[in-house]
Amino acid sequence: MLKKVLISVALLLINLQAFTQGDGKNALILGTIKNEKGEPVEYAAISIKNTPLGTQSNAEGKFFLYVLPGTQTIYIQSVGYVPYEKQLKLKSHERVSLEIQLKYSQHNLDEVVVEAKSQVQMVKETPFNVVALDAKAFYNTTSDLGKLLDKASGIKIRETGGVGSGLNISLNGFTGNNVKIFMDGVPMHGFGSAFQLNNIPVGLADRIEVYKGVVPIEFGSDAMGGVINIVTNQSRRSYLDFSASYGSFNTLKTNLNVGYTAKSGFTVQVNAYQNSSDNDYKVKTEVKDLQSGTTPLGVYHWVRRFNDAYHNEAVVGKIGFVRTKWADRFLLGATLGNEYAEVQQGYRMTVVFGEKKKTAQSNLYSLNYEKRHLFFKGLNVKLNANYNISNNHSTDTVSKSYNWFGESIPKKTKGEYGNPTLSSFTNKNQSATANIGYQITRQHSLMLNDVYTAYKRSNNNAMAIVDPDNPPEPDILRRSKKNILGLSYRYMSPNEKWKTNVFGKHYLMDVTGPVNTGDSSHPNYVEVSSDYSITGYGIATTYTFKNLQLKASFEKAHRLPNDNELFGDEVLESGSADIRAEESLNYNLGATLNRNLSESSVLSADVSLFYRDTHDFIRRIVDAREGGGGSENWGQVKNIGVDAEVHYYYKNKFTVGGNATYQDMRNYERYSRGESRQLSVTYKDRMPNIPYFFGNADATYYFHDLWGKGNTLSLGYTFNFMYQVYLNWPSLGSKDSKDQIPTQLWNDFNVTYAIQNGRYNISFEAMDVNNELLYDVFYNQKPGRRFFLKFRYFITTNKKTNN
């Protein structure tokens, strides 16, 4: 009790201090927000028009704001309610109390987008270099989360083919495992390939947050490149959202999202989805002559992919309680996934398979607990735990060789790729996260975060039993354990213009696994164990003027190798347990402008400069002859670049904008590998197979109340570009003989008709309408022109549950 009194007194003193600081003339607005039933409205967004000032209402619907004297307009919005606006004439040191009642509105998609943008804006105003994407605006499209992310500045989503293909994220030059993915703050590592971003429908997310380079400690991550956090639907309403789409290459996607929340706080949420496609699009490629074993160079044929069918099914279920006295959120979850994939090729199109395939099943169980003001005011706690088991199967037993015509000839040995396999392996992942925050005063807070993860794999190759020519691999343990502990201090000035975050991280890792002491032709795997302990630290700060926000951040970051790099994937990827952790010095500078050009138009712009100095860079390598791949440490790499985006909004009728990224990522490993100290010919070369200039632009026009009140027709256009990329070191070979991904320009169109304020929705999409030859990741060709039709039905209650 005494502690509560002391904290209350401290908060009062700080508020009085804030009131007398600044220019010494601030007025204080105190308010309580309720609905038409007299129930408090929590999380309402409160702002002062034409200023950067804003806040949110608490669980009791209360808020306060310090503002300059004079005529000010307070604006309040919350999803499901009619926005509230009132003009106030304030005197110096005046204290104004407001009792505000928000009226219920009919379900209106425009209001949903407005509320989501207020959440997005709050994320953007943090000191970190962060981009926030509103997913709701794309619910009527056939986009997956990967395609939505591709619209963000600094991000390039790279895919090896069609539906279900391998996905790689490039964020400010960092790729793959340098970028960590979270869902509601919980690591998605170990979820399985059925849950990779290009398989998850955009309807599962409320918004996506992208932290570039410098990462807050609450994610407990070893991500050097950044963090992508998928924030799912946190609504306290009951709702049903169903969609189905069909399109080119026999592609079918369905998604069912259902949520129910009772007045008691009891809630049930189910999100189920499936994706399937024949992926039988045509590709232009050289074709091997099976009889002679040679490939005529420069002779290209249009052929149809014939062993690339894919389907996956997934269910994400949660049950528990929200907004109770003992928990803000207490949820038990189960995530089930199934996947089937035919394997058409190796990592490069020169290696073709005709009967190779893989399957996977994944079961994940989770617990989530959140409580603000636990035990006493200011103490906020989040606890997450999950356990995942994934069973993976790979089949490669035929004694044949295939080419792109679908022709085959017998071969003396079994297996299309290396040794034959009829293998199964089981991955077991565990993770636990504890996040404890303490709000000392309104200006000062501390946060402690700890994340523990464990991984173990067990293998079984049935071919080793039935085939005496394929002896079993040595029984080698494959496991890893990681622990990342972080502590941060946060400061916010009384006028909320200056915010700073200082933090430190400690990394622990313990690995046991195979290391090849031989070579690729005569491998000799031995079991090796290692452990290490390293530290990192950083700072992020921001200052906000009237319409302009400036940001700067720095972090000494580390990235620990993951299970694929350490142990491979048992299909095409080889691993090595002796890969070392990466280290990087990350610097960011940024500026954001938000300006009302008039009462009906808004301009927003954002520009960020970044610099990365990385040691022990983990680089992807590919075996051009066999089609497999792996990873290796590559000394020092430096990257400097800029990304920018700009958007213009006119009323609720028209939006136009775009983004572009340029980065210069180069090799600073001065000497060639080996015993000699010879200067490397690739020193200061641009790193191969990494896009360095790319972007997109989009425009959308809305026709409201078309053919009926509450109906909206929208027309959208997107222009995409990526500049040419060398697949190998630029200094090696002549200019004409170098393999490269060519410059690519392509266009997408979409039309959506929303009926009855978005209850019924019909969409048509045309992708790559100019049928550009699209290549990615080691010159793998992606689908060309394609069309999709989607139907979506959405219904929700207007009332939230309040306790």
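Residues numbered from 1 in each chain as written. Predicted model: local features only at pLDDT ≥ 70, side-chain atom pairs only at ≥ 80, totals over all residues. Heavy atoms only, no water.

1. Considering the overall build of the protein
Formally: Runs of H or I in DSSP of at least four residues are treated as helices and runs of E of at least two as strands, each being numbered from the N terminus. Throughout this description, buried means an accessible area under 20% of the type-specific maximum (1.4 Å probe, protein chains only), exposed means over 50%, and partly exposed covers the range between. In this description, contact between two residues means that some pair of their heavy atoms is separated by no more than 4.5 Å. Computed with the Shrake-Rupley method and a 1.4 Å probe, the accessible areas treat only the protein chains shown as cover for residues.
Summing up its helical and strand segments, the protein has five helices and 47 strands in all. Looking at the 803 residues of the protein, the share that counts as buried comes to 52%. When contacts within the protein are restricted to residue pairs at least 6 apart in sequence, long-range pairs at least 24 apart make up 66% of them. A total accessible area of about 35700 Å² is found for the protein, and carbon and sulfur atoms account for 57% of it.

2. Quick notes on the pattern of salt bridges
Here is the rule we go by: Each reported salt bridge corresponds to a side-chain nitrogen of Lys or Arg within 4 Å of a carboxyl oxygen of Asp or Glu.
Within this structure, the stated rule accounts for 23 salt bridges. A salt bridge links Asp 241 to Arg 792; its shortest N-O distance comes to 2.9 Å. Of this pair, Asp 241 sits in strand β16 (residues 239-247) while Arg 792 is found in strand β47 (residues 786-796), placing the two residues 551 residues apart along the sequence. Accessibility expressed as a relative area gives 9% for Asp 241, which makes it buried. On the basis of relative accessible area, Arg 792 is assigned to the buried category, the value being 5%. The salt bridge involving Asp 776 is made with Lys 782; its shortest N-O contact spans 3.6 Å.

3. A closer look at the side chain of Asp 150
The cut-off we apply is this: Asp and Glu count as negative and Lys and Arg as positive, but His and the ends of the chain are not part of the count.
Mapped onto the elements of the fold, Asp 150 is located in the loop between α3 (145-149) and β9 (155-159). Although Asp 150 is buried, it forms no salt bridge, and the closest oppositely charged side chain is Lys 156 at an N-O distance of 4.1 Å. Those residues in contact with Asp 150 that sit more than four places away from it in its chain are Ile 155, Lys 156, Ile 157 and Asn 696.

4. Topic: the environment of Thr 395
Residue position: Thr 395 is located in strand β24 (residues 379-396). Judged by relative accessible area, Thr 395 falls into the partly exposed class, the value being 22%. When the C-alpha atoms of Thr 395 and Ser 423 are compared, they prove to be 6.7 Å apart, with 28 residues separating the residues in sequence.

5. Describing empty space enclosed by the protein
Using the following cut-off: Cavity means a closed set of points on a 1 Å grid over the protein atoms alone, one where a 1.4 Å probe fits but cannot get out, pocket means an open set with protein on both sides within 12 Å along at least 5 of 7 lines, and lining means a residue has an atom within 4 Å of a point. Grid points are joined across faces, edges and corners, and a volume is the space filled by probe spheres set on the points. Under this grouping Gly is polar, as are all residues other than the nonpolar Ala, Val, Leu, Ile, Met, Phe, Trp, Tyr, Cys and Pro and the charged Asp, Glu, Lys and Arg.
Under the defined criterion, the tally for this structure stands at eleven cavities of 30 Å³ or more. Of the pockets and cavities examined, the largest cavity occupies roughly 270 Å³. Lining of the largest cavity is provided by 18 residues; of these, Met 183, Asp 184, Val 186, Lys 318 and Ser 366 occupy positions nearest its centre. For the lining of the largest cavity, the secondary structure elements donating two or more residues are β21 (310-322), β22 (329-342), β23 (357-371) and β24. No other element matches β23, which puts five residues into the lining of the largest cavity. Class assignment for the residues of the lining of the largest cavity results in eight nonpolar, six polar and four charged.

6. Let's talk about the sheet that holds strand β3 (residues 54-56)
Applicable threshold: The criterion for strand pairing is that DSSP finds at least two bridges linking the strands in question. Lines fitted to C-alpha atoms define the axes, with helix axes restricted to the stretch in contact, and inter-axis angles between N-to-C directions lie between 0 and 180 degrees.
Taken in spatial order, the four strands of this open sheet run β3-β2-β5-β6, and their pairing is antiparallel. At either margin of the open sheet sits one strand with a lone partner, and together these are β3 and β6 (84-90). In this sheet, neighbouring strand axes are inclined to one another by 20° on average, regardless of whether the strands run parallel or antiparallel. Where strand β2 (residues 45-48) meets β3, three bridges bridge the pair, whose relative direction is antiparallel. Bridge pairing links Ala 45 to Gln 56 in β3.

7. Looking at the sheet that holds strand β13 (residues 186-187)
If you trace the five strands from one edge of the open sheet to the other, you get β8-β14-β15-β12-β13, paired in mixed fashion. Both edges of this open sheet fall to β8 (130-134) and β13, since each of them pairs with a single strand only. With two bridges joining them, strand β12 (residues 179-183) and β13 adopt antiparallel strand pairing. The residue bridging Phe 182 from the neighbouring strand is Pro 187, located in β13.

8. Section: the nonpolar core
The cut-off we apply is this: What is meant by a nonpolar core is a set of buried Ala, Val, Leu, Ile, Met, Phe, Trp, Tyr and Cys residues, joined one to another through side-chain atoms within 4.5 Å.
Core analysis: the biggest nonpolar cluster contains 31 residues, and Leu 145, Leu 149, Ile 155, Phe 195, Ile 208, Val 210 and Ile 230 have the highest contact counts within it. Sorting the residues of this core by element identifies β8, α3, β9, β10 (167-171), β12, β14 (205-212), β15 (226-232) and β21 as the ones contributing at least two each. Ignoring any residue separated from it by four or fewer positions in sequence, one finds Leu 145 in contact with Leu 197, Ile 200, Pro 201, Val 202, Ala 205, Ile 208 and Ile 230. Among the nonpolar cores identified, the runner-up in size contains 20 residues, and Ala 44, Phe 63, Ile 74 and Ile 100 belong to it.

9. Comments concerning the environment of Asn 233
By secondary structure assignment, the location of Asn 233 is in the loop between β15 and β16. C-alpha separation for the pair Asn 233 and Gln 269, spaced 36 residues apart in sequence, amounts to 9.4 Å. Beyond its immediate stretch of four places on either side in the chain, Asn 233 contacts Leu 204, Asp 206, Tyr 239 and Gln 269.

10. Details of the packing of aromatic side chains
Think of a pair of aromatic rings as described by two things: how far the centres are apart, and how the planes are tilted against each other in angle. To be explicit about the condition: Aromatic rings from Phe, Tyr and Trp, with only the six-membered ring used for Trp, were paired whenever their centres fell within 6.5 Å, and each pair was classed as stacked if the ring planes differed by under 30 degrees, edge-to-face if by over 60, and tilted otherwise. Charge over a ring is defined by NZ of Lys or CZ of Arg lying within 6 Å of the ring centre and within 35 degrees of the ring normal.
For the structure shown, the criterion picks out 30 aromatic pairs. Here the aromatic rings of Phe 693 and Tyr 723 are separated by 6.5 Å at their centres, their planes lie at 55°, and the arrangement is tilted. Of this pair, Phe 693 sits in strand β39 (residues 693-704) while Tyr 723 sits in the loop between β40 (712-722) and β41 (725-726), placing them 30 residues apart in sequence. Using a relative accessible area of 35% as the deciding quantity, one classes Tyr 723 as partly exposed. Judged by centre distance (5.3 Å) and plane angle (50°), the rings of Tyr 760 and Tyr 793 are tilted. A residue pair is termed long-range when its members are at least 10 positions apart, and Tyr 760 in strand β44 (residues 760-767) and Tyr 793 in strand β47 qualify at 33 residues. The class of Tyr 760 is partly exposed, set by a relative accessible area of 32%. What links up through ring pairs into an aromatic cluster is the set Tyr 662, Tyr 692, Phe 693, Phe 719, Phe 721 and Tyr 723. A cation sits over an aromatic face here: Lys 356 above Phe 353, 5.8 Å from the ring centre.

11. Quick look at the pairing of strand β18 (residues 266-277)
Where strand β17 (residues 251-261) lies against β18, ten bridges are found, and the strand directions are antiparallel. Residue Gly 259 lies in a different strand from β18, and its bridge partner there is Gln 269. Between the antiparallel neighbours β17 and β18 lie four residues, among them Gly 265 with a positive phi of about 100°. Relative to β21, β18 runs antiparallel, the two being bridged by twelve bridges. Across the sheet, Gln 274 pairs through a bridge with Glu 313, a residue of β21.

12. Considerations on the confidence of the model for the protein
Quick reminder of the rule: Here pLDDT means the predictor's own confidence in every residue, given as a number from 0 to 100.
A residue-level look at the protein finds 87% of positions with pLDDT of 70 or above and a mean pLDDT of 83. When the criterion is pLDDT under 50, residues 1-23 qualifies, and its contacts beyond four places in sequence or with other chains add up to 27 contacts. Segment residues 463-468 is flagged for pLDDT under 50; beyond a separation of four residues in sequence, or across chains, it makes eleven contacts in the model.

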